[in-house]
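The primary structure of each chain is shown beneath.
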Amino acid sequence: MFKAIFIVVLFLSAFAVLPLCAEIPDFGDDIGSAFSITPDNDPIEGELQTGADIDFFALTPEPETVYRVFFNNGLSDRKNLTVLMENSDYELRNIKKLDSYAETEYSTFYCEYGYPVYFKVFSDYSASGLYHIEVQTVKTVPVDSFSNSCSSPTQLDLSSGYIETEAVTDTSEPNFSAAPDYYTFDALENYRYYISFDYLDSSQLRATVLDSNCSSLVSSVNEDEGITLVSNDGEDFIIKCGHSPYGDSEDISVGNYYCLKVSAEGPLYDDFSNSKDSAHQIIPGDGPVKGTVFGANYGGDIDWFYVDVNENSLYRITIDGYDYSKYKNCKIYYARTPESGHPESLIELYSTSEYNAIYSYLFSQDYMIKDSGRLYIRMAGRHFDTSYTVAAELISEFSEDLYPNTMEQAQQIPTDNTRIIGAVLGEYTDPNYVTHPDRDYFYFDTQDWYKYEVRVSKSDNSNINFGVQLTDPADSTIIDYHEDQAVLTFVDTSQQDKWYICVENQGLHLGGYYEFTVRDLGSFPDDRPSNFDSSDTFRLPTDGTWYGGSIDYYSDRGDDSDLLLFDIPVSGEYTFNFYNKIYRKVFFKVYYWDTEYHPAISKFDVSRGETVTKTHNFPTAGLGRIVVSTENNYTGDYFVSIEDPLPRCGDGYAPPPGDTNEDCYVDFQDVAAIAEGWLNDTNP
């Protein structure tokens, strides 16, 4: 509507003829002393005397008039201007805040009534110095007479392909009801229209698009973006322009001006049906089908396809996004072949969302079908015209249940990463004639202290439980319905040689396709157990000697931890030293037991390369325990030393009798020293 470049040129040319003033007045610093400014006169030069100074100007507007205020700082600092409009309750509404940094800024506003307008000049940046302000009259716009009824909207003439309509929403004193304006136009089938608005700084408007029954289709139209509409069946749209529900109702009186723009952008070619009932068939294995969907904020194109699918079969649907940077939406449904006289019922298998629309990439979905029927693919555009391809492929067929249904008959499988492929299909009947969802049982042999990895994936629609246990794993799971793949690792510490797998189908009408492998990851011998065993004879030395241990493995079913035992021969103070060589923190817990088990007396962590010393006073003799563990799937070495309070040779105590070399031990070295001088004459 308004050309900013032309405005700035006019403003600067006006400054060129500004006469030099001998003295610049200091304008009033409150509204009561605001300087009266007259529109369409020369710019006024002002000056902020200090960084905290404020100058006020006042405009007495003509009713139903659009004005524009210009503000120029002109210096290499920053000053501000705020436009304040008085409403019917004599309250000031903040219309616009300008921030000028050696440049011209402006604000455009509509005055429906003759309420005063004020301009506040100041600086948020403590700047002082010169500035210029000017007000221009832009145009007179009377309050419109467009329809305020949705049932009889104003008809817009789009015969030329474009129309602009200037308007101000109706208001009437004293309640300022601000009745909205309604418009419509003759829409053509599969024709795209673009709707946009120009607002002013004083406007508090919200534009919405309604259907012919006055129900909302597009809840809000932004001034900056506009919207596109497509009438798929030739039904007309209604455009509603009214006061924004997010603005203050008292502020309606300052002027809700807008300019509505509607353009007819042309017809659109629709290559595939918008209706599921006339969807285009895709034959598995025949290659991709290319389609195009045109985008719009409302009424965008929809293309429907279907694939006939057989029972107990695995299908792959592949979508190619095709166009770079053009988003599109996709939904995939399954419909079981209905019984005679019953309608078809859709089950949604896949749907894009606002945050994962199809981009320019290839993706596929695998679906296991238990009962014959159809897969439907629904493609839709967003805001752009965009292309895509759709293809279908038959991957596998399962004519029968391949694996045993009970744990006692479980199928043995290797641990060499062999891929096992199967499907749990429908139901089976046990020897007691009880019906159960289908189950597939497997087992694999294990060795103690060996680590194993079970990796399982499924089709995108499979709803399966996949359990791994020493006992019957039915009803347990390591894979969530929404996951495509899961991995389980564990170290067999059970001293049993057989682990079981159970795959169960949780969706009777959708097949449960799965793939998995079991892999032997090798031996992980553990130097210390994780749990207490009364037969354990291991004891840490308590004479200050270092003991070296290690955390040997980690897994999804539990990480290694070491239980270290030490004797507490006497009561008193014991000194502990802990050293960590593992990349991450090591956690130590110290316990003791006399006639009963006591809670941990110390819990702490030791970082890599760090030595921590602790002292603990044990009130009685007993048995001590240290539990060692680490974090975040790391293994490695650690060291522990304990020194008890017992007296020791060399710590101020005399060596024992017979210790001729005073090394605190009586041994053959002492015997050899005595024998060396045996019977020698030692007289002087």
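The structure this text deals with has already been given above.
Residues numbered from 1 in each chain as written. Predicted model: local features only at pLDDT ≥ 70, side-chain atom pairs only at ≥ 80, totals over all residues. Heavy atoms only, no water.

Peer 1: Please explain the overall build of the protein chain as it appears in this structure.
Peer 2: Summing up its helical and strand segments, the protein chain has 2 helices and 45 strands in all. In the protein chain, which comprises 684 residues, the share counted as buried stands at 46%. Within the protein chain, contacts between residues at least 6 apart in sequence are counted, and of these 80% link residues at least 24 apart. By element, 47% of the accessible surface of the protein chain is carried by carbon and sulfur atoms, the whole surface being about 33600 Å². (Helix = DSSP H or I, 4+ residues; strand = E, 2+ residues; numbered from the N terminus. Buried < 20%, exposed > 50% of the residue type's maximum accessible area, 1.4 Å probe, protein only. Contact = heavy atoms within 4.5 Å. Areas by Shrake-Rupley, 256 points an atom, 1.4 Å probe, with all protein chains shown as cover.)

Peer 1: Looking at this model, I keep getting lost on a nonpolar patch on the surface. Mind explaining?
Peer 2: A contiguous nonpolar patch, built from Ile674, Trp678 and Leu679 and spanning about 410 Å² of accessible area, is present on the exposed surface. Summarising the element assignment, leucine 679 is placed in the segment after helix H2 (668-676). (Patch = residues over 30% accessible without salt bridge, like charges linked within 9 Å, V, L, I, M, F, W, Y side chains within 5 Å. Salt bridge = Lys/Arg side-chain N within 4 Å of Asp/Glu carboxyl O.)

Peer 1: What am I meant to see in the side chain of aspartate 438 here?
Peer 2: With respect to the helices and strands, the residue aspartate 438 is situated in the loop between strand E31 (435-437) and strand E32 (439-445). Once you skip the residues sitting within four places of it in the chain, aspartate 438 turns out to touch Asp401, Asn405, Ala423, Val424, Leu425, Gly426, Glu427, Tyr428, Val503, Glu504 and Asn505.

Peer 1: Please clarify how the state of the cysteines should be interpreted in this entry.
Peer 2: Any covalent bond linking the sulfur atoms of two cysteines counts as a disulfide. A complete count under the given rule lists 1 disulfide for this structure. For cysteine 150, the disulfide goes to cysteine 214, at an S-S distance of 1.9 Å. Looking along the S-S bond of the cysteine 150-cysteine 214 disulfide, the torsion reads about -115°, which is the left-handed sense. Here cysteine 214 lies in the loop between strand E14 (205-210) and strand E15 (216-218) and cysteine 150 lies in the loop between strand E9 (129-140) and strand E10 (154-155), a separation of 64 residues in the sequence. Among the residues examined, cysteine 214 registers a relative accessible area of 34% and is labelled partly exposed. (Disulfide = S-S within 2.5 Å.)

Peer 1: I'm lost on the pattern of salt bridges in this one. Help?
Peer 2: Oppositely charged side chains can pair when the atoms bearing their charge come close. With the rule as written, the count across this model stands at 21 salt bridges. Two residues, glutamate 631 and arginine 584, come together in a salt bridge whose shortest N-O distance is 3.7 Å. A residue pair is termed long-range when its members are at least 10 positions apart, and glutamate 631 in the loop between strand E44 (622-630) and strand E45 (636-643) and arginine 584 in the loop between strand E40 (572-580) and strand E41 (586-593) qualify at 47 residues. Owing to a relative accessible area of 21%, glutamate 631 belongs among the partly exposed residues under this scheme. For arginine 584, a relative accessible area of 28% puts it in the partly exposed group. What you see here is one network of salt bridges that share partners, running through Arg192, Glu265 and Asp385.

Peer 1: Honestly, the environment of valine 66 in this entry has me stumped. Any pointers?
Peer 2: For valine 66, the location among the structural elements is in strand E4 (residues 65-72). As for valine 66 and lysine 139, which are separated by 73 residues in sequence, their C-alpha atoms are 5.3 Å apart. In contact with valine 66, not counting residues within four places along its chain, are Thr108, Phe109, Tyr110, Gln136, Thr137, Val138, Lys139, Val141 and Leu200.

Peer 1: What's the story with unusual backbone geometry in this structure? I'm lost.
Peer 2: One can expect most non-glycine residues to show negative phi and most peptide bonds to be in trans. Even without being glycine, serine 126 reaches a positive phi, approximately 60°. Among the secondary structure elements, serine 126 is positioned in the loop between strand E8 (117-122) and E9. A positive phi angle, close to 75°, is found at asparagine 417, a residue other than glycine. Take asparagine 417: it is sitting in the loop between strand E28 (411-412) and strand E29 (420-424). Owing to a relative accessible area of 37%, asparagine 417 belongs among the partly exposed residues under this scheme.

Peer 1: Help me understand the pairing of strand E7 (residues 104-111) in this model?
Peer 2: Look at any regular strand and the pattern is simple: side chains alternate between the two faces of the sheet. In terms of residue burial, E7 counts as a mostly covered element, since 6 of its 8 residues are buried. Examined bridge by bridge, E4 and E7 share 8 bridges and lie antiparallel to one another. Among the inter-strand pairings, valine 66 is bridged to a residue of E7, identified as tyrosine 110. (Pairing = 2+ DSSP bridges.)

Peer 1: Would you take a moment to explain the sheet that holds strand E34 (residues 464-469) for this structure?
Peer 2: In spatial order, the strands read E28-E32-E36-E34; together these 4 strands make up an open sheet with mixed pairing. The two strands at the open ends of the sheet, each matched to only one other strand, are E28 and E34. One ladder, built from 2 bridges, connects E28 with E32; its direction is parallel. Paired with glutamine 412 across the two strands is tyrosine 443, which belongs to E32.

Peer 1: Looking at this model, I keep getting lost on the side chain of threonine 169. Mind explaining?
Peer 2: The residue threonine 169 is located in the loop between strand E11 (162-168) and strand E12 (181-185) in this model. Overall, the relative accessible area of 1% leaves threonine 169 in the buried class. Excluding residues within four positions of it along the chain, threonine 169 makes contact with Glu112, Val143, Asp144, Ala179, Asp181, Leu205, Cys241, Gly242, Asn256 and Tyr258.

Peer 1: What should I look at first to understand the packing of aromatic side chains in this one?
Peer 2: According to the stated counting rule, one finds 47 aromatic pairs in the structure shown. Cation over ring: arginine 374 sits above tyrosine 306, and NZ or CZ is 3.8 Å from the ring centre. (Phe/Tyr/Trp six-rings, centres within 6.5 Å; stacked < 30°, edge-to-face > 60°. Lys NZ or Arg CZ within 6 Å of the ring centre and 35° of its normal.)

Peer 1: Just to check I follow, could you spell out the sheet that holds E40 for this structure?
Peer 2: Backbone hydrogen bonds hold the strands of a sheet together, and the pairing may be parallel or antiparallel. Taking strand neighbours across the sheet as the criterion, the 4 strands line up as E38-E45-E40-E43 in an open arrangement whose pairing is antiparallel. Here the strands that pair on one side only, and so sit at the sheet edges, are strand E38 (543-551) and strand E43 (611-618). If you compare each strand with its neighbour and ignore which way they point, the axes differ by 20° on average. In this sheet, E45 lies alongside E38 in antiparallel orientation, the contact comprising 7 bridges. The residue of E45 that forms the bridge with glycine 549 is tyrosine 638. (Axes fitted to C-alpha atoms, helices over the stretch in contact; angles between N-to-C directions.)

Peer 1: Sorry if this is basic, but what is going on with the environment of glycine 622 here?
Peer 2: Secondary-structure assignment places glycine 622 in strand E44. With 26 residues separating them along the chain, glycine 622 and glutamate 596 place their C-alpha atoms 9.5 Å apart. Setting aside its immediate chain neighbours within four residues, glycine 622 contacts Asp567, Ile568, Trp593 and Asp594.

Peer 1: I would appreciate a short explanation of the pairing of strand E42 (residues 602-606) in the present structure.
Peer 2: Where burial is concerned, the two faces of E42 differ: the one with Ser602, Phe604 and Val606 is buried and the one with Lys603 and Asp605 is not. As paired elements, E41 and E42 share 5 bridges and run antiparallel to each other. Along E42, the bridge assignment pairs phenylalanine 588 with phenylalanine 604.

Peer 1: Any chance you could explain the environment of phenylalanine 27 here in plain terms?
Peer 2: On the secondary structure map, phenylalanine 27 appears in the loop between helix H1 (4-16) and strand E1 (35-36). Once the C-alpha coordinates of phenylalanine 27 and glutamine 49 are considered, the two residues, 22 residues apart in sequence, prove to be 9.9 Å apart. Not counting residues up to four positions away in its chain, the partners in contact with phenylalanine 27 are Phe35, Ile44, Glu45, Gly46, Ile54, Asp55, Phe56, Phe57 and Tyr131.

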